[in-house]
Amino acid sequence: MNRNKLIAIAVLLLAVLAVVWRLRPPSAEERVAKRVAALAECLNKNAGETNSVMALKFHSLSGMFADSVTVAISEINFNGTYSSSEIPSLISRYRAMLDSLSLAFHDITVTLDGTDRATATFTARATLRARGGQQQSETREIHAQLRKVDDEWVFARFHEENVLVR
């Protein structure tokens, strides 16, 4: 076999492997990480966001939470335990007080705690601007506990990892 045929076969084999890799179903860890990233996207608010965009995000939020959700993050106004229907309403009210909210989750690591439980740890960076123009930036290390309900990962608990204590 000549060298050109060998190279063509190797390239074809690599292309087939790449296609198989891309078409494989995502792992549970990848699905949880995507769910965490989707939450950040739903929480973001651009200046001048229309009501239709807000309604779409609100609709997306409604399926992301377990029946009971606990929030334990210092210096926020809605720590406590809430039903899955209360969380999107609280988020919508909070977003209405803001002109913009830029939220990004970095360094997402997922640990499976069995087949139907997972913990996602990530760094949350938020920059928000209130309606009065006041701007604030925060960075927190967050642990989100998720449960698998009807083949979907839903958030059950959020708590903060105290990295630096003042």
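This structure is a prediction, so every number in the text was calculated from the model and none was measured.

**Overview of unusual backbone geometry**
Stage number 1. Backbone geometry places Asp107, a non-glycine residue, at a positive phi of 55°.
Stage number 2. Positioned with a positive phi, Asp150 is a non-glycine residue whose angle comes to about 50°.
Stage number 3. Looking at the secondary structure, you find Asp150 in the loop between β5 (135-149) and β6 (152-161).

**Observations concerning the packing of aromatic side chains**
Stage number 1. This structure, assessed with the given rule, holds three aromatic pairs.
Stage number 2. Between Phe105 and Phe122, the ring centres sit 4.3 Å apart and the planes meet at 40°, which makes this aromatic pair tilted. One end of the pair, Phe105, is in strand β3 (residues 98-112); the other, Phe122, is in strand β4 (residues 117-130), with 17 residues separating them in the sequence. Across this residue pair, the class does not change: Phe105 and Phe122 are buried.
Stage number 3. Each ring, one from Phe155 and one from Phe158, has its centre 5.2 Å from the other, and the planes form 20°; the classification is stacked.
Stage number 4. In this structure Phe158 comes out as buried when scored by relative accessible area, which is 10%.
Stage number 5. Each member of the aromatic cluster is reached from another via a ring pair, and the members are Phe65, Phe155 and Phe158.

**What to know about the sheet that holds strand β2 (residues 80-83)**
Stage number 1. Read across the open sheet, the six strands follow the order β2-β1-β6-β5-β4-β3; overall the sheet is mixed. Of all the strands in the sheet, the pair left with one neighbour each is β2 and β3. Strand after strand, the sheet turns through a mean of 25° between neighbouring axes, direction not considered.

**Here's the deal with the packing of helix α2 (residues 28-43) against helix α3 (residues 51-61)**
Stage number 1. At a minimum axis distance of 9 Å, the contact between α2 and α3 shows a crossing angle of 145°. For the pair α2 and α3, the crossing hand works out as left-handed. Here Leu39, Glu41, Cys42 and Leu43 of α2 come into contact with α3, specifically with Lys57, Ser60 and Leu61.
Stage number 2. Partitioned by chemical class, the residues of the contact of α2 with α3 number four nonpolar, one polar and two charged.

Cut-offs used in this document
Residues numbered from 1 in each chain as written. Predicted model: local features only at pLDDT ≥ 70, side-chain atom pairs only at ≥ 80, totals over all residues. Heavy atoms only, no water. Helix = DSSP H or I, 4+ residues; strand = E, 2+ residues; numbered from the N terminus. Phe/Tyr/Trp six-rings, centres within 6.5 Å; stacked < 30°, edge-to-face > 60°. Buried < 20%, exposed > 50% of the residue type's maximum accessible area, 1.4 Å probe, protein only. Pairing = 2+ DSSP bridges. Axes fitted to C-alpha atoms, helices over the stretch in contact; angles between N-to-C directions. Left-handed = near helix turned anticlockwise from the far one by under 90°. Contact = heavy atoms within 4.5 Å. Nonpolar A, V, L, I, M, F, W, Y, C, P; charged D, E, K, R; others polar.

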